[in-house]
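# Coordinates in review
The residues making up each chain are set out below.
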Amino acid sequence: TLTSRTRGLIGEKELDLIQNGALLVNTARAAIIDEQALIKTLKTGRILAALDVFNKEPLSRDHPLLNLPNVLSTPHMLGFSSYWKTKLGLTVINDLERFINKVPLKEEVTKDMFRRQSAM
């Protein structure tokens, strides 16, 4: 839950404490992490991120989080049945493992595919 106490809970100082090569996953609330500090850290290539929540949705096509090679961005979706939540979760886990191990993703959405699917 996003509250005044959790907004910006993870900033530059906390991101600097993350071990090199670690994967940061945020599926909670985007504002828990200082977005600018996250982008700055991700641009170093020191960590990876998997995100399905963003400060402003949808992200603009030129948003850094969509263009960094060490970021996996997915839409935040709620309301699937437990069967589909489990299936989707396993698919994400499998592709995250592939991403971390620098193996081609099975369910990859390319920039062109994303742009076509998110065009307004």
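These remarks concern the structure in this document. (Residues numbered from 1 in each chain as written. Predicted model: local features only at pLDDT ≥ 70, side-chain atom pairs only at ≥ 80, totals over all residues. Heavy atoms only, no water.)

## A closer look at helix α4 (residues 82–100)
How we decide: We count a stretch as a helix when DSSP gives it H or I for four or more residues in a row; a strand needs E for two or more, and each element gets its number in order from the N terminus. Under the convention used throughout, the expected extent of a helix is 1.5 Å for every residue step, that is, one less than its residue count. When a residue's accessible area, from a 1.4 Å probe over protein chains only, is under 20% of the maximum for its type it is buried; when over 50% it is exposed; and in between it is partly exposed. It is the directions from the helix axis to the C-beta atoms that the arc portrays. A contact between two residues is defined here by any heavy atoms of the two lying within 4.5 Å.
Taking 1.5 Å per residue as the helical rise, α4 with its 19 residues ought to reach 27 Å, and the 26 Å between its terminal C-alpha atoms agrees with that figure. Within α4, burial applies to D95, L96 and F99. Projection of α4 onto a plane perpendicular to its axis shows the buried side chains occupying an angular sector of 110°, all on one side. Exposed and facing more than 90 degrees away from the buried side of α4 are S82 and Y83. Buried residues in α4 make contact with β1 (23–26), β2 (48–51) and β3 (71–73). The positive-phi residue at the C-terminal boundary of α4 is K102, with phi of around 55°.

## Quick word on helix α2 (residues 35–43)
For clarity, the cut-off: We define a polar contact as two N or O atoms separated by no more than 3.5 Å, with the added condition that, inside protein, one atom must be a possible hydrogen donor and the other a possible acceptor, whereas residues neighbouring each other in sequence contribute only through side-chain atom pairs.
Looking at α2, one finds that the buried residues are E35, A37, L38, I39, T41 and L42. Among the structural elements, α1 (12–16), β1, β2, α3 (64–67) and β3 are those in contact with the buried residues of α2. Of the residues flanking the start of α2, the one acting as N-cap is D34, its side-chain oxygen 3.0 Å from the backbone nitrogen of Q36. The positive-phi residue at the C-terminal boundary of α2 is G45, with phi of around 80°.

## Section: the sheet that holds β1
The test is simple: In this analysis, strands are considered paired if DSSP registers two or more bridges between them. Comment: axis = line fitted to C-alpha atoms, over the contacting stretch for helices; angle = value between 0 and 180 degrees taken between N-to-C directions.
Taken together, the three strands give an open sheet; going across it, the order is β1-β2-β3, and neighbouring strands pair in parallel fashion. Strands at the two margins of the open sheet, each flanked by one partner only, are β1 and β3. Geometrically, the sheet is characterised by an average inter-axis angle of 10° between neighbouring strands, direction not taken into account. Pairing of β1 with β2 involves four bridges; the strand directions are parallel. Bridge assignment links N26 to a residue of β2, and that residue is L51. Relative to β2, α4 is tilted by about 160°, and along the sheet it contacts β1, β2 and β3.

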